[in-house]
Amino acid sequence: MKFSFNWIRQLTENLHVSPQDLGRLITTKTAECEGVDAYGEHLAHVCVARVLAVEPIGSGRNKKVLVETGRYGLKTVVCGAPNCRPGMVSAYVPPGTRLDGREIGVAVIDGVASEGMLASGAELGINRDASGILELDGEPGAPLPGCEPDHVLEIDNKAITHRPDLWGHHGLAREVAAITGAALREPVRLDLLPEGAAPVRVEIEDLELCPRYSALALENVTVGPSPLWLQYRLQAVGLNPINNVVDVTNYVMAELAQPMHAFDWDLLRGPAICVRPARDGERLLALNEQEYRLDQRDLVIADARGPIALAGVIGGLDTGIHEGTRRIVLESACFQASSIRKTSSRHKLRTDASMRFEKAQDPVNTVRGLARALELLRQVCPGIRVAGGVADAGRPLPVPPSILLPVEWLCRKLGRAVEPAEVTRILKRLGFGVEEAEPGALRVTVPSWRATRDVSIKDDLVEEVGRMIGYDAIAPQAPAVVVAPPPPSPERLFHRAVRRTMVELGFTEVYNYSFVGEEQARRFGMDPADHVRVANPIGTDRTLLRRSLLPEIFENILENSKHYEHFRIFEIGREIHKQPAGLPREIPHMMAAIYSRQGVEDGLMELKRAAEHLMEGCELCPGFSRSYEHPARAGSVVWRGTVVGRLFELHPSLLEGRAAVLDLDLQVMLALQEDGKRYRPIRRFPASAFDLSVIADRRELAANLSRQLADLAAPELEAITYLRQYSGPPLPEGKKSVSFRLTVAAPDRTLSSEEVGAIRARIIEGMRARGYDFRL
């Protein structure tokens, strides 16, 4: 949320702090100020200039222009703007001025030395019009009217979601005045509002959805560009200048946090404006030229013909303001926050108005908005006239709530002593009504702009006093309360151990959304119908809850492969499986991936090593491959007789380079964990080792041979190690020799050479009985 320092200074008196210091004060006492940025610094050097002569340069669009700048004397510039002509007054930018990150110098263009430039509104950051240079009124040398250098304060939106009043400059100026001791100026003159009958009637079907709706009709309207000061101020806070009528409604929204809308009165049908739920199947062509299909969950503003606006979100194009508009109806309303939020989310349409209405606006503010808009329209639209009085419909305004605040209790909550007079002063500066209810207790009346969803109990008042005193003035002291350690969570501890192991193996953890799109699901052989569908997706490509971590990990691989030759990543997340009835089943998984653009790293073996670190003794069993897996490099991970995941390479058609993926079911792994470690004494007697080379079919798995040798060597076997593999003469075609080293020992003695020989012979005989031979 952007706030103009000049605007805040205009709404306060005797504000003597720098923008940077103000940003720090706001952060410590109100809301996080994420930054203070200079805006329009170049405007200190820009001045009004009159074009004296224009001379074409060749056959191109550039022209040699002589300008009188007053401040800088006569200057020659090269200008290609189509509206550049003798006698016009525009904006001159002298050499040495930094404009949009670049320094303006003396440049030779088409053989002519250009001493600076004439600039458009877009180039100066005043508006977004780049069609030609600015056309102004004024004397050469004068600064641009109402366009002085400013600073923009960036306030974190998340820090003010509970403060609807802080979504406007006047609300923040109130906070600034309370913090600094400056006086707050009131920009609204309610005496400007006319009395009498209104020419338009307002009807509200549901006062819960629309507690108040105010309207004011005006005529003799002339639609045109706003003055520069208004365009510049809106542009500084991120709003797009459009025309004088629309700009005034946006100005009031940015100043009072009261969204407004203007209808072309002559395009309305019927004598009344009706606020009602939409009828199923109704449609609205909105100002963004998009058509929305509505239902009874949407609140609309309607005339006799149908919806003319989606309440609190966006107006309709058919009744919008245009160049020929001569009569308007200004709308200033208050809507139910949750209704606006749901409508905005349902239609994926988030606007400046909806962001404010969903914070629960002050119903008192509707007529204040009309009064302020009327004052501004008289400035920017000379000759405009009010037609009748204010149409104001709604339920009675709520009585401001009052809260009993014991001062001793407040001091105990704060952890420091505060005098009742100081509490009274702080609360009054923030707009609260304060009076002594009884000795030692204050009766505090909450102002309407803080009563919608912010301040309702005495604990809220403690926060108000505490933040204004300054939390740094309160000595930190831990509360004297009994604490108990939380019950242990085996799953959390296990996940931490897995995460720690993967990081130690050189993997980088990634975090992904739990949402995927239908195309992502189909790419990996999953039917979108088997997924849980998101009722309110964050995007059109995020409509399903994921049944596998693979789609997002694959996106991570694709994105990182653009920047890195090789990398290792992993994610711990939950697969969400749809059930026939009840809630979906969530299964924790760990998925790791190793990518190599040149294929120099054997990712499968590295991931197998990672699996062995996590599950000692696990095995890889080759099996069928899925459509997205390499047909010859895929299999299941088995641990303690149970399949716990898969290890595979992605199919070469999916990406350039090679990517191996390990997918483990953490829930199954946790269930297979042993309850505790068992003590095994250190071997006291020496072991003996011997090598065996088994001749087997070329497709025989080394792991299968190792397992059979281990079975025959038990119980004396201490260890078995794979050494090497060989195929070729003198072995028969289709055969290979796989060599292992076997280590045998006894717990109570040293095995004799005869015993070791007997074990070796037993193994050879057993393997030959199973159809294998040996290279002896």
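Just so it is clear, the structure is predicted and the values come from calculations on it, not from any experiment. (Residues numbered from 1 in each chain as written. Predicted model: local features only at pLDDT ≥ 70, side-chain atom pairs only at ≥ 80, totals over all residues. Heavy atoms only, no water.)

Caption draft 1: Seen up close, the overall build of the protein chain. Counting its secondary structure elements, the protein chain contains 19 helices and 42 strands. The C-alpha radius of gyration of the protein chain comes to 38 Å, more than 25% above the 28 Å expected for a compact globule of 776 residues. Projected onto the principal axes, the alpha-carbon positions of the protein chain cover approximately 115 × 85 × 55 Å. Within the protein chain, the proportion of its 776 residues that are buried is 50%. Taking as baseline every contact in the protein chain between residues at least 6 positions apart, the subset at least 24 positions apart corresponds to 69%. Accessible area for the protein chain stands at about 38,000 Å²; split by element, carbon and sulfur atoms hold 50% of it. Here the protein chain contributes 95 positively and 102 negatively charged side chains, and the mean placements of these two sets differ by 4 Å. (Helix = DSSP H or I, 4+ residues; strand = E, 2+ residues; numbered from the N terminus. Rg over C-alpha atoms; globule rule 2.2 N^0.38 Å. Buried < 20%, exposed > 50% of the residue type's maximum accessible area, 1.4 Å probe, protein only. Contact = heavy atoms within 4.5 Å. Areas by Shrake-Rupley, 256 points an atom, 1.4 Å probe, with all protein chains shown as cover. Lys, Arg positive; Asp, Glu negative; His and termini not counted. Charge placed at Lys NZ, Arg CZ, Asp CG, Glu CD.)

Caption draft 2: How the structure looks around the pattern of salt bridges. On inspection of all chains with the given rule, the structure shows 56 salt bridges. Between E175 and R467 there is a salt bridge, with its nearest N and O atoms 2.7 Å apart. In this pair, E175 is assigned in helix 4 (residues 169–180) and R467 in helix 12 (residues 458–469), connecting sequence segments 292 residues apart. By relative accessible area, which is 2% here, E175 ends up buried. When its relative accessible area of 5% is taken as the criterion, R467 is described as buried. A salt bridge links D541 to R542; the shortest N-O distance between them is 3.7 Å. Residue classification places D541 among the partly exposed residues on the basis of a relative accessible area of 47%. Given a relative accessible area of 17%, R542 falls into the buried group. In the salt-bridge network here, residues are joined through shared partners; they are R163, D165, E175, R450, D454, E464 and R467. (Salt bridge = Lys/Arg side-chain N within 4 Å of Asp/Glu carboxyl O.)

Caption draft 3: Representation of the state of the cysteines within the structure. Taken as a whole and judged by the stated rule, the model has zero disulfides. Cysteine C47 remains unbridged, with the sulfur of C147 as its closest cysteine sulfur at 13 Å. Taking the relative accessible area as the measure of exposure, C47 reaches 0% and is therefore buried. On the accessibility criterion, C147 (4% relative accessible area) is buried. (Disulfide = S-S within 2.5 Å.)

Caption draft 4: Representation of helix 13 (residues 490–504) within the structure. Counted at 1.5 Å a residue, the expected span for helix 13 with its 15 residues is 21 Å, and the 21 Å between its end C-alpha atoms agrees. The set of residues buried in helix 13 consists of F494, H495, V498, T501 and M502. Buried residues of helix 13, viewed axially, fall in a sector of 125°; they line one side. Turning to helix 13, the residues buried within the fold contact strand 33 (566–577), strand 34 (585–596), helix 16 (603–614) and helix 17 (666–672). Count one or two residues on from helix 13 and you reach G506, which has phi positive near 95°. (Expected span 1.5 Å × (residues − 1). Arc of directions from axis to C-beta.)

Caption draft 5: Here's a closer look at the nonpolar core. Grouped together as the largest cluster of nonpolar side chains are 55 residues, with contacts concentrated most on L218, V245, V248, I328, L330 and L377. In terms of nonpolar packing, the next biggest core, distinct from the first, is built from 38 residues, C210, A278, A309 and A393 among them. (Core = buried A, V, L, I, M, F, W, Y, C linked by side-chain atoms within 4.5 Å.)

Caption draft 6: Summary view of the sheet that holds strand 37 (residues 642–650). A sheet is described by the order of its strands in space; here seven strands give the open sequence 30-33-34-38-37-36-35, paired in mixed fashion. Each of the sheet's edge strands pairs with one partner strand only, and the pair in question is strand 30 (508–509) and strand 35 (619–622). The pairing of strand 37 with strand 38 (residues 658–665) spans five bridges and is antiparallel. Counted as the bridge partner of R646 is D663 from strand 38. Sheet strands touched by helix 13: strand 30, strand 33 and strand 34. Its angle to strand 33, the strand with the most contacts, is close to 160°. (Pairing = 2+ DSSP bridges. Axes fitted to C-alpha atoms, helices over the stretch in contact; angles between N-to-C directions.)

Caption draft 7: Region of the structure containing the packing of helix 18 (residues 702–713) against helix 19 (residues 753–769). Put simply, helix 18 and helix 19 touch, their axes get as near as 9 Å, and they point 130° apart. Considering their axes alone, helix 18 and helix 19 lie oblique with respect to each other. Handedness of the helix 18/helix 19 crossing: right-handed. Between helix 18 and helix 19, the residues in contact are L705, Q708, L709, L712 and A713 and R762, I763, G766 and M767, respectively. (Parallel < 35°, antiparallel > 145°, perpendicular 65-115°, else oblique. Left-handed = near helix turned anticlockwise from the far one by under 90°.)

Caption draft 8: The sheet that holds strand 13 (residues 150–155), seen in detail. Strand order in the open sheet made by the three strands is 1-13-3, with antiparallel pairing throughout. Each having just a single partner strand, strand 1 (2–4) and strand 3 (33–39) make up the two edges of the open sheet. Going from strand to strand, the sheet's axes swing by 25° on average, the running direction of each strand aside. Pairing analysis gives three bridges linking strand 1 to strand 13, with the strands arranged antiparallel. Counterpart to K2 in the pairing with strand 13 is E154. Here helix 2 (residues 19–29) sits on the sheet and contacts strand 3 and strand 13; the angle it forms with strand 13, its principal contact strand, is near 15°.

Caption draft 9: Molecular detail of the pairing of strand 36 (residues 629–639). Sheet topology note: the strand 35/strand 36 ladder contains four bridges and is antiparallel. For P622, the partnering residue across the bridge sits in strand 36 and is G635. Between strand 35 and strand 36, which follow one another and run antiparallel, lie six residues. Connecting the antiparallel pair strand 36 and strand 37 is a turn made up of two residues, with R640 showing a positive phi of about 55°.

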